[in-house]
Amino acid sequence: MRSLLPATVLLASLATPGYPADKKNDPNQIGNRDVGRGINFYSLEKEMALGRQLAQEVARQARLVEDPLITEYINRIGQNLVRNSDARVPFTFTVIEAEAANAFALPGGFVFVQTGLIKMADEEAELAGALAHEIAHVAARHMTRQATKSQIASLATIPLSVILGGWTGMAARQAAGVAIPTAFLSFSRHDEAEADFLGLQYLYAAGYDPTAPVSLFEKLESLEKKKPGTLAKVFSTHPPDGVRLEKVQQEIDRYLPTRPEYVVNTSAYNEVRARLFARQARREAEEKDGRPRLRTAPGAGDAAGSPESGDKSSPDDRPTIRRREWVE
Ligand SMILES: [Zn+2]
């Protein structure tokens, strides 16, 4: 019954800047606050069913990474962040072979991580920051609340090839390609800011360095200076800008009490990145040789290491800890 809710009323409810509810500012209240409340025509069950259907389409058409060392690792750090979040739905994490440094989430807890993002993030905390941001969009139910507001949600869509930054991530070029409703991927400034803030809290609650997203943003900005146009491709669904960067830094200073140490990186993450770079080098060499590409069967492992090696942590797999001195 959309006609009962004129757009002006809906917009007015969103106009309040900042975070009026105190609980939303307090990382100790994570899980005890309904961050997804708001006008929403979708039940949580309907949202999950919708997300699952779209996620299956994406998985069918995108080129998925099936190396268990990589997929199990991403799932492990993703689920750890979910446990430290306000989300009320189960999550799945899927890795897509695509060069654009991006991650996106569908309604109901289906997160897709592009290999370009893993390559760009030097440290686990930077990747975790991007995942936490996606988890926050889901926890706050931004997609279905946006679709509820938007009269054209059912009409406007974004093709998967655009989200992935070109055709490289697509398994089947001839396929028409799944299109995702724009309302699920294009967020208002308010929702982006909220996902940044909630994501920071999840990152912090999981023990990571909360300044990691700042360093990832800065990397993207310096890339833009060197190679203009890059930002249009990377983070296409969550464009960073100077204002966001400044706000994130202020929120860290104001709301996240300094801890003596934070997790910055792990050897497991270094291993995952090394494998992705090795895969890329091998593929490029094969393309140069003109030799046919050999496909590795899922579960057969890939280059060095057995498939089982991904799940075990060696005794010396201690995280890199950064002791932080706070300077302005
Ligand atoms: Zn976002």
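All figures in this text were calculated on a predicted structure; none of them were measured in a lab. (Residues numbered from 1 in each chain as written. Predicted model: local features only at pLDDT ≥ 70, side-chain atom pairs only at ≥ 80, totals over all residues. Heavy atoms only, no water.)

1. Quick notes on the packing of helix α5 (residues 124-139) against helix α8 (residues 189-205)
Working step 1: Relative orientation of the contacting elements α5 and α8 amounts to 125°, with a least axis distance of 7 Å. Comparing the axis directions of α5 and α8 gives the class oblique. When you trace α5 past α8, the crossing you get is right-handed. Where α5 approaches α8, its residues A125, A128, G129, A132, H133, I135, A136, H137 and A139 are matched on the opposing element by D191, E192, A195, D196, L198, G199, Y202 and L203. (Axes fitted to C-alpha atoms, helices over the stretch in contact; angles between N-to-C directions. Helix = DSSP H or I, 4+ residues; strand = E, 2+ residues; numbered from the N terminus. Parallel < 35°, antiparallel > 145°, perpendicular 65-115°, else oblique. Left-handed = near helix turned anticlockwise from the far one by under 90°. Contact = heavy atoms within 4.5 Å.)

2. Concerning α5
Working step 1: Over its 16 residues, α5 extends 22 Å from the first C-alpha to the last, a length consistent with the 22 Å expected when each residue adds 1.5 Å.
Working step 2: Within α5, 16 of the 16 residues are buried, which leaves the element mostly enclosed by the surrounding structure.
Working step 3: Positive phi appears at R141, one or two residues downstream of α5, with a value of about 55°. (Expected span 1.5 Å × (residues − 1). Buried < 20%, exposed > 50% of the residue type's maximum accessible area, 1.4 Å probe, protein only.)

3. Re the packing of aromatic side chains
Working step 1: Enumeration over the complete set of coordinates arrives at 5 aromatic pairs.
Working step 2: Over the ring of Y204 we find R259; its NZ or CZ atom is 3.9 Å from the centre of that ring. (Phe/Tyr/Trp six-rings, centres within 6.5 Å; stacked < 30°, edge-to-face > 60°. Lys NZ or Arg CZ within 6 Å of the ring centre and 35° of its normal.)

4. A look at unusual backbone geometry
Working step 1: Residue R141 is not a glycine yet carries a positive backbone phi of 55°.
Working step 2: Tracing the chain through its elements places R141 in the loop between α5 and α6 (142-149).
Working step 3: We classify R141 as buried; its relative accessible area is 14%.

5. A closer look at the sheet that holds strand β3 (residues 110-114)
Working step 1: Read from one edge of the open sheet, 3 strands run β1-β3-β2, paired in mixed fashion. A strand with exactly one partner marks an edge of an open sheet, and here the two such strands are β1 (92-96) and β2 (103-106). Mean inter-strand twist for the sheet, computed between neighbouring axes without regard to direction, equals 20°.
Working step 2: Against the sheet, helix α2 (residues 44-61) engages β1, β2 and β3, with an angle of about 30° to β3.
Working step 3: Running at roughly 20° to β2, α5 makes contact with β1, β2 and β3 of the sheet. (Pairing = 2+ DSSP bridges.)

6. Considerations on the pattern of salt bridges
Between side chains of opposite charge, a pair can form when the charged atoms approach closely.
Working step 1: Counted by the stated rule, this structure contains 15 salt bridges.
Working step 2: A salt bridge links K24 to E194; the shortest N-O distance between them is 2.7 Å. Taken together, the residues K24 in the loop between α1 (7-14) and α2 and E194 in helix α8 connect sequence positions 170 residues apart.
Working step 3: Two residues, R244 and E192, come together in a salt bridge whose shortest N-O distance is 3.7 Å. Of this pair, R244 sits in helix α11 (residues 242-255) while E192 is found in helix α8, placing the two residues 52 residues apart along the sequence. Note on accessibility: R244 and E192 belong to one class, buried.
Working step 4: One connected set of salt bridges, linked through shared partners, spans D122, E126, K219 and R273. (Salt bridge = Lys/Arg side-chain N within 4 Å of Asp/Glu carboxyl O.)

7. Considerations on the environment of S186
Working step 1: Note that S186 resides in the loop between β5 (179-181) and α8.
Working step 2: C-alpha separation for the pair S186 and I158, spaced 28 residues apart in sequence, amounts to 9.3 Å.

8. Topic: the side chain of Q201
Working step 1: Turning to its location among the elements, Q201 is positioned in helix α8.
Working step 2: Using a relative accessible area of 0% as the deciding quantity, one classes Q201 as buried.
Working step 3: Apart from the residues lying within four places of it in its own chain, the contact partners of Q201 are K24, N25, D26, P27, I30, R33 and L256.

9. Considering the pairing of β1
Remember that side chains alternate between the two faces of the sheet whenever the strand is regular.
Working step 1: Counted residue by residue, β1 has 4 buried out of 5 residues, so it is predominantly covered.
Working step 2: Bridge analysis of β1 against β3 gives 5 bridges, and the strand direction is parallel. In the strand pairing of β3, V95 is matched with V113.

10. Examining the confidence of the model for the chain
Atom-level detail of predicted coordinates should not be read off regions where pLDDT is low.
Working step 1: Across the chain, pLDDT averages 80, with 74% of residues at or above 70.
Working step 2: Mean pLDDT values over the elements of the chain span from 38, in α1, up to 98, in helix α3 (residues 68-83).
Working step 3: Note on residues 299-313: pLDDT is under 50 here. Beyond four places in sequence and across chains, it has 18 contacts. (pLDDT = per-residue confidence, 0-100.)

11. Describing the nonpolar core
Working step 1: Core analysis: the largest hydrophobic core is formed by 83 residues, its most contacted members being V58 and L127.
Working step 2: Ranked by the residues each element gives to this core, the list is headed by α5, at 10 residues.
Working step 3: Those residues in contact with L127 that lie beyond four places of it in its chain are Y73, I74, I77, V113, L117, I118, A121 and Y269. (Core = buried A, V, L, I, M, F, W, Y, C linked by side-chain atoms within 4.5 Å.)

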